[in-house]
Amino acid sequence: MDMQVAKKKLGLKERYAVMTRGLDWTPSYQKMEDIYPYIAYEGIKIHDWDKWEDPFRLTMDAYWKYQAEKERKLYAIIDAFNQNNGHLNVTDARYINTIKLFISGISPLEYVAHRGFAHAGRAFPGPGPRVACLMQSLDEIRHAQTQVHSISNYNKYYNGMHDFHQAHDRVWFLSVPKSFFDDAITAGPFEFMVSIGFSFEYVLTNLLFVPFVSGAAYNGDMGTMTFGFSAQSDEARHMTLGLEVIKFILEQDPANVPIVQRWIDKWTWRGYRVLTLVAMMMDYMLPKRTMSWKEAWEVYFEENGGALFKDLARYGIKMPKCAEQIALEKDHLSHQAWSTFYNYAAAANFHTWMPDEDEMAWLAAKYPASFDKHYRPRYEFWREQAAKGNRFYNKTLPMLCQTCQIPMIFTEPGDATKICYREVDYKGDKYHFCSDHCKEIFEHEPEKYVQAWLPVHQIYQGNCFPEGTDPTVEGFDPLAAVLEYYKLEHGRDNLDFDVSEDKKNFAEWRGQATKNI
Amino acid sequence: MSVAALKAYDFPAADTQDKFHGAQLLYIGWEDHLLFCAPFAFPFPPTMRFGDVVAGPMQAAFGYHPDYAQIDWAKAEWFKSGKPFAPDFDKSLAENGLRHKDVIRFRTPGLTGIKGSCS
């Protein structure tokens with residue numbers, strides 16, 4: 001009798017080979033360049049796609065199983081958090097504005113990243129990077145969904161989050177993260193991988209997710225914290241993919257080095273400008289601070305990033321030159337950003353406030369070279385005026401940078417008393433920039449950036465009013481019409497925290513939960 | 001340099017003057033007064049008198065600052081694209097040589113913001 005021998009199971013390596021490279025084939029009746037039209041025009045030369053190393057060797061079947069398990073745990077915790085009124089355990093209701101910033105500024109980017117990685121994956125002829133991009137694409141849409149689900153509980157109780165996706169597309173300051181990602185997904189697949197995969201996910205990610213997640217942990221927001229931990233294993237995979245992409249491209253051809261260097265220079269700066277929002281969140285919006293923006297930059301960029309670029313030196317890649325200017329700005333960035341949102345509190349989807357005495361002391365201790373000299377007098381004046389019922393709401397629209405789309409709030413490197421103005425003449429029009437780096441990015445691809453959808457200019461062109469609005473009627477109030485277009489309710493979603501419904505409700509609900517009233 | 005693209009890449013600029021319904025953009029910044037976080041952007045008809053810009057929209061935009069009421073306009077120093085500029089208050093923006101998306105700044109000697117902090 002023949003013995004039944006159990007069929008030998010595939011080993012991990014063989015299984016990976018079958019499930020990725022084994023799925024690829026060489027076309028016989030279509031030309032490669034017709035199937036992969038985007039692969040050559042950026043100037044990157046790839047000679048051997050099989051040199052791609054797959055750091056994780058994750059296959060699709062394992063991916064589904066693993067992610068499903070993680071999400072079951074995440075949703076169990078979110079349910080527990082919601083059922084126990086976890087929102088009332090946060091340090092203080094000001095914290096919730098951090099969540100508003102996250103859901104309208106960051107979560108929509110996860111969704112765009114999903115699209116971007118799907119597109120890049122489709123564009124690459126190599127099966128290794130294609131599968132890696134597919135998984136990251138799925139991660140990103142899962143992150144968008146789990147963030148929306150984690151945060152939706154806050155939306156039941158607090159203002160400003162009701163239409164976060166529309167806010168992302170329309171509200172003036174959200175054009176900063178939106179245009180950053182639009183710039184990346186409209187680039188070629190290699191630039192996309194360097195911009196998002198490497199510069200954003202590898203170099204800057206610790207300055208984006210760690211502050212939000214540890215901020216949530218420090219401030220009693222278990223829902224958001226759990227989401228962050230759940231995403232952590234994916235983020236580790238994204239970082240590894242980002243680094244692998246860079247090394248692969250650089251090893252393929254020496255002619256790739258200057259192109260990649262330019263992209264790293266550009267995207268480190270673009271990403272850093274978006275992090276302006278995180279800087280002010282860390283220094284102003286977390287009632288219980290984790291660390292200052294300056295400390296975070298020093299640890300995560302100057303130390304960790306410094307080591308990374310030392311490692312990349314053997315490929316001929318240098319530290320981006322913008323790092324010098326960023327070092328000069330680190331004493332000022334968060335204060336200039338918070339001042340901006342204090343100015344334009346009537347047009348934002350979250351509340352702002354002046355720091356109290358203890359918080360000013362914290363800021364002065366963290367920023368001894370800048371806070372008392374440049375920012376404290378401004379804040380004290382605003383606080384006095386607010387106490388007299390004359391809270392400052394800036395109602396005139398600001399001048400924006402053509403590239404990063406941030407109002408021209410940044411001061412000259414090395415002189416915090418002078419706004420930094422840069423300009424370029426191009427095809428008969430003037431274009432203005434907040435910095436040498438934003439100017440250089442424009443000068444390299446002016447045809448792209450002249451199309452920028454700058455919110456201030458769009459408002460003045462009449463494109464940001466609800467359909468059917470007639471701006472020529474007597475008594476037309478442009479700010480009211482713009483808020484309506486943003487779907488923000490004046491007096492509810494905007495203005496100072498002190499007069500907000502959020503503040504009042506939180507105090508009342510927490511009182512009910514902790515006292516016998 | 002120009003953008004890398006698969007085919008001809010030619011799209012209209014978003015902010016040319018023809019899109020502003022007869023107005024042109026003018027950016028105005030007040031030196032040493034960073035209480036206003038950034039320079040302002042205004043849409044003005046090119047025929048608007050420079051003095052009317054100062055008395056109307058600039059008063060509305062900058063008037064919150066206690067220094068604004070103390071400005072001696074005869075002593076103010078003006079800059080256009082960073083270079084000295086001498087506007088004639090009685091002439092129009094166009095007659096003063098101001099074109100779409102020009103940026104002007106003014107310095108008010110002796111006035112340096114809240115407690116001299118340039119705020």
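The preceding data block contains the structure.
Parameters and conventions
- Residues numbered from 1 in each chain as written.
- Chains lettered and ligands numbered in written order.
- Predicted model: local features only at pLDDT ≥ 70, side-chain atom pairs only at ≥ 80, totals over all residues.
- Heavy atoms only, no water.
- Axes fitted to C-alpha atoms, helices over the stretch in contact; angles between N-to-C directions.
- Helix = DSSP H or I, 4+ residues; strand = E, 2+ residues; numbered from the N terminus.
- Parallel < 35°, antiparallel > 145°, perpendicular 65-115°, else oblique.
- Left-handed = near helix turned anticlockwise from the far one by under 90°.
- Contact = heavy atoms within 4.5 Å.
- Nonpolar A, V, L, I, M, F, W, Y, C, P; charged D, E, K, R; others polar.
- Buried < 20%, exposed > 50% of the residue type's maximum accessible area, 1.4 Å probe, protein only.
- Pairing = 2+ DSSP bridges.
- Buried area = accessible area lost by both parts, 1.4 Å probe.
- Salt bridge = Lys/Arg side-chain N within 4 Å of Asp/Glu carboxyl O.
- Polar contact = N/O pair within 3.5 Å; in protein donor to acceptor, adjacent residues only side chain to side chain.

Engineer: Whenever I open this one, the packing of helix 5 (residues 107-123) of chain A against helix 6 (residues 127-155) of chain A confuses me. Can you help?
Structural biologist: Residues and elements named next belong to chain A. Remark: helix 5 packs on helix 6, axes separated minimally by 8 Å, with the N-to-C direction vectors making an angle of 160°. Between helix 5 and helix 6, the crossing angle belongs to the class labelled roughly antiparallel. At the point where helix 5 passes helix 6, the crossing takes the left-handed sense. Only Arg-130, Cys-133, Gln-136, Ser-137, Glu-140, Ile-141, His-143, Ala-144 and Gln-147 of helix 6 make contact with helix 5, whose side of the interface consists of Ser-107, Glu-110, Tyr-111, Ala-113, His-114, Phe-117, Ala-118, Ala-120 and Gly-121. Its residues assigned to classes, the contact of helix 5 with helix 6 shows eight nonpolar, seven polar and three charged.

Engineer: Would you mind going over the pairing of strand 4 (residues 429-433) of chain A with me for this structure?
Structural biologist: Where a strand is regular, its side chains alternate between the two sheet faces. Residue and element names in this part refer to chain A. Among the five residues of strand 4, five are classified as buried, and the element is accordingly described as predominantly covered. Where burial is concerned, the two faces of strand 4 agree: the one with Asp-429, Tyr-431 and Phe-433 and the one with Lys-430 and His-432 are both buried. Bridging between strand 3 (residues 422-426) and strand 4 involves five bridges; their strand directions are antiparallel. By the bridge assignment for strand 4, Asp-425 is matched with Lys-430.

Engineer: Just to check I follow, could you spell out the interface of chain A and chain B for this structure?
Structural biologist: On the chain B side, the residues contacting the 52 residues of chain A number 45 residues. Summed over both sides, the interface between chain A and chain B buries roughly 4,300 Å², with carbon and sulfur atoms accounting for 59% of that surface. Three residues stand out in chain A for area buried against chain B, namely Tyr-421, Tyr-460 and Gln-461 of chain A, and they jointly supply 15% of the buried area on that side. Put simply, chain A and chain B have three salt bridges between them. One salt bridge in this structure joins Lys-430 of chain A and Asp-102 of chain B, with 3.9 Å as the shortest N-O distance. Remark: the boundary between chain A and chain B carries 20 residue pairs in polar contact (both at pLDDT 80 or more). Within the residue set of the side of chain A that touches chain B, elements represented by two or more residues are helix 16 (333-343), helix 18 (371-387), strand 2 (415-419), strand 4, helix 19 (436-444), helix 20 (446-449) and helix 21 (455-460) of chain A. Across the side of chain A that touches chain B, the residue classes tally to 24 nonpolar, 16 polar and twelve charged.

Engineer: Sorry if this is basic, but what is going on with the environment of Leu-483 of chain A here?
Structural biologist: All names here are of chain A. Relative to the elements of secondary structure, Leu-483 occurs in helix 22 (residues 478-486). The spacing of Leu-483 and Asn-494 is eleven residues in sequence and 9.5 Å in space, taken between C-alpha atoms. Beyond its immediate sequence surroundings of up to four residues, Leu-483 is in contact with Ala-346, Ala-347, Leu-488, His-490 and Asn-494.

Engineer: Would you explain unusual backbone geometry in this entry?
Structural biologist: For residues that are not glycine, phi is negative in most cases, and the peptide bond is trans in most cases. All names here are of chain A. Its identity is not glycine, yet Leu-495 carries a phi of approximately 70°, on the positive side. Tracing the backbone through its elements, the reader meets Leu-495 in the loop between helix 22 and helix 23 (501-514). Relative accessible area serves as the criterion here: at 14%, Leu-495 is assigned to the buried category.

Engineer: Even after reading the chapter, I still don't get the packing of helix 12 (residues 256-274) of chain A against helix 19 of chain A, so can you show me in this structure?
Structural biologist: Any two packed helices are characterised by the angle at which their axes cross and by the distance between the axes. All names here are of chain A. Put simply, helix 12 and helix 19 touch, their axes get as near as 10 Å, and they point 130° apart. Taken together, the axis directions place helix 12 and helix 19 in an arrangement best described as oblique. Like other packed secondary-structure pairs, helix 12 and helix 19 cross with a definite hand, here left-handed. From helix 12, Arg-262, Lys-266, Trp-269 and Arg-270 reach across to helix 19, where they touch His-437, Cys-438, Ile-441 and His-444. In terms of residue class, the contact of helix 12 with helix 19 is built from three nonpolar, two polar and three charged.

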